[in-house]
Amino acid sequence: MKKAISAACVLVLAGCSSLTPPQAWEKGNLAKPGMTMGSDTLDERFVQHIYSSKENASGGYGVGGGGCGCN
Amino acid sequence: MKHSIKRGRPAASRGAGGGAVVMAALSLPGVWLAPAHAETAPEKGVIAFKYLHYEDSQPGFDRIRVNSPSLYLMTPIGSQWSIEGSAVIDSVSGATPRWQTAVSSASVMHEERKAADIKVTRYFNRSSYSLGVSTSHEHDYVSNALSLGGSWSSDDNNTTWNVGIGGSADQINPTDGGVPNVSGKTKQTGELIAGVTQALSSNDLVQVNLTYGAGHGYYDDPYKLLDTRPDRREQAALLGRWNHYLVGDQSTLRATYRFYRDSYGITAHTVQGEWAKPVSETLILTPAIRLYTQSAANFYATALNDENGRPVLPDPPPGQLNSGDQRLSAFGAVGLSLKAEYRLSALWTVDAKFEAYEQRANWRVGGAGSTGLDPFRARAVQLGASRKF
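About the criteria used
Residues numbered from 1 in each chain as written. Chains lettered and ligands numbered in written order. Predicted model: local features only at pLDDT ≥ 70, side-chain atom pairs only at ≥ 80, totals over all residues. Helix = DSSP H or I, 4+ residues; strand = E, 2+ residues; numbered from the N terminus. Buried ≥ 20, exposed ≤ 12 C-beta atoms within 10 Å, placed from the backbone. Contact = placed C-beta atoms within 7 Å. Nonpolar A, V, L, I, M, F, W, Y, C, P; charged D, E, K, R; others polar. Pairing = 2+ DSSP bridges. pLDDT = per-residue confidence, 0-100. Expected span 1.5 Å × (residues − 1). Core = buried A, V, L, I, M, F, W, Y, C linked by C-beta atoms within 7 Å.

A. Local environment of the overall build of chain B. Looking only at helices and strands, chain B features zero helices and 19 strands. Taken across its 389 residues, chain B has 47% of its residues classed as buried. The long-range share in chain B, meaning contacts at least 24 apart out of those at least 6 apart in sequence, stands at 63%.

Right, dumping it as structure tokens:
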């Protein structure tokens, strides 16, 4: 498990480019659909509902979802 | 709610009677989600349908099966308003152990949950404000929630701050098979979120959110044996997300880390990585891996078995905190998924996602996992379609 987490971190950090805040005309790639965080609302809700039903941790993404007697 | 009792291996258990859905009060994903970047009124609306089929199990025993159709609609209203809403019906059937992973204590049930939410957003030049309501109804659990949110962007639109507040009021009325004389229970919770989204470069977007929640009321699981939990709970989570665009092959790497801690004494870490890879003009494949680890609640009862391998229940004094809920044990989990999104036209997109997930005590990172529990496995398939308008 520890090796898997380390490998995941390496993959994430790979391909890092220089970090300079973009000018207005340089934001084309940021607007690509794949760059939107949580763009598929129904997918996000399904998976977060499943994880919070089967694990103890929850939160970090939003507020106001209410509760359920879910198994 | 139809139910019948299925008995497996004999267990030294007490109190196993009529069956019903095993329940734990849980928090649903937020209606007000931290915005991805500088908020502007949407130009197009979208309607989406998605169907989830979910199954979970432990070795030799199928547990819960869920079928969920869901609908989502978002539409701009003029240039300064938008409204969005969703609805879902969860059809749940199957069985869950009443104690640890003891199969003999399980019972078969059917349940249906209906939920809906609506959010209205008002947009200004570099800010937005939203109001959301949501409701969820089951035979034995009703929840109503409200949320307010605001986001503000810097002059260059590279930085967006967001703040949200939400509250929910739940009513719990256990049906057949629950702890006797438990009805009319309530629970109230409040949540806060504060975060910032930053464009680090022309190809990098990061987001950091801090959430805090506090509640009081009925937290016990009335369908589990010997389940007595504190009547107050505090939870906090720190989430970091990083999206990186790879210019060379026009794909996106997405990474997430979340730290979680609560007043049950549980600490959890979540790491997730995704790669959204266009394989043609119209098809994007996204493989993903998710790693999770948590410690046990400080009142979690370690599984004990007798010389015949049958579960032995503890005998706590009345009112003493205690729970055998597998979800409060110490374990690690691995999830693998693959999503395919196919653009049929400029307006229509269809998608499919497959996910496999497993929990094992000895996969816990940073300490020993809880002993005496069977591994937990889950599979899920999502099929969806969406149209812009």
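B. Geometry of the overall build of chain A. In terms of regular secondary structure, chain A is built from two helices and two strands. For chain A, the succession of helices and strands along the chain, N to C, is α-α-β-β. Taken across its 71 residues, chain A has 51% of its residues classed as buried.

C. Looking closely at the interface of chain B and chain A. If you look at the interface, chain B gives 94 residues, while chain A gives 53 residues. When residues in the side of chain B that touches chain A are grouped by element, the largest group, nine residues, is from strand β13 (residues 232-246) of chain B. Of the residues in the side of chain B that touches chain A, the class split is 49 nonpolar, 33 polar and 12 charged.

D. Layout of the pairing of strand β6 (residues 81-95) of chain B. All names here are of chain B. Across 12 bridges, strand β5 (residues 61-77) lies against β6 in antiparallel orientation. Across the sheet, residue I77 finds its bridge partner in β6, namely W81. Once β5 ends, the chain turns through three residues before running back antiparallel as β6, passing G78 with a positive phi of about 70°.

E. Region of the structure containing the confidence of the model for chain A. Here chain A shows a mean pLDDT of 80. Residues at 70 or above account for 73%. Taken element by element, chain A is modelled with least confidence in helix α1 (residues 2-13) of chain A, mean pLDDT 59, and with most confidence in helix α2 (residues 41-54) of chain A, mean pLDDT 94.

F. A look at α2(A). Residue and element names in this part refer to chain A. The end-to-end C-alpha distance of α2, which contains 14 residues, comes to 20 Å, matching closely the 20 Å that a straight helix rising 1.5 Å per residue would cover. Among the 14 residues that make up α2, 12 are buried, leaving the element largely enclosed by the rest of the structure. Restricting attention to buried positions, one finds in α2 the residues L42, D43, R45, F46, V47, Q48, H49, I50, Y51, S52, S53 and K54.

G. Local environment of the confidence of the model for chain B. Residue and element names in this part refer to chain B. With 89% of its residues at a pLDDT of 70 or more, chain B has an overall mean of 88. Note that residues 1-25 has pLDDT below 50 and, in this model, 91 contacts with residues that lie over four places away or in other chains. Predicted as a complex, the structure gets a pTM of 0.87 and an ipTM equal to 0.87.

H. A look at the environment of G248(B). For G248(B), the location among the structural elements is in the loop between β13 and β14 (251-262). Distance from G248(B) to V103(B), taken between C-alpha atoms, is 52 Å for residues 145 residues apart in sequence.

I. Structural context of the nonpolar core. By size, the foremost hydrophobic cluster in this structure holds 30 residues, and its most contacted members are I50(A), Y54(B) and A297(B). Secondary-structure elements contributing two or more residues to this core are α2 of chain A together with β4 (46-58), β5, β16 (283-294), β17 (331-343) and β19 (376-388) of chain B. By residue number, the principal contributor to this core is α2(A), which donates five residues. The next biggest cluster of nonpolar side chains, apart from the first, holds six residues, and it includes M35(A), A199(B), L200(B) and L205(B).

J. Up close: the environment of R233(B). Inspection of the secondary structure puts R233(B) in strand β13. Look at R233(B) and you get partly exposed, because 18 C-beta atoms sit within 10 Å.

K. Structural view of unusual backbone geometry. Residues and elements named next belong to chain B. Even without a glycine there, the phi angle at N157 is positive, about 60°. Along the chain, N157 falls in the loop between β9 (141-153) and β10 (159-172). The class for N157 is partly exposed, based on 17 C-beta atoms found within 10 Å. Look at L226: it is not a glycine, yet its phi comes out positive at around 55°. Structurally, L226 is set in the loop between β12 (204-217) and β13.

L. Spotlight on the pairing of β19(B). Residue and element names in this part refer to chain B. Here 12 bridges tie β4 to β19, and the two strands are oriented antiparallel to one another. Following the sheet pairing, V46 is matched in β19 by K388. Note: strand β18 (residues 348-360) against β19, 12 bridges, orientation antiparallel. Considered in β19, the bridge of Y357 is made with A378.

M. Fine view of the environment of A194(B). Residue and element names in this part refer to chain B. Relative to the elements of secondary structure, A194 occurs in strand β11 (residues 185-201). With 15 C-beta atoms packed within 10 Å, A194 lands in the partly exposed category. Sequence separation of A194 and Y212 is 18 residues, and the distance between their C-alpha atoms is 9.1 Å.

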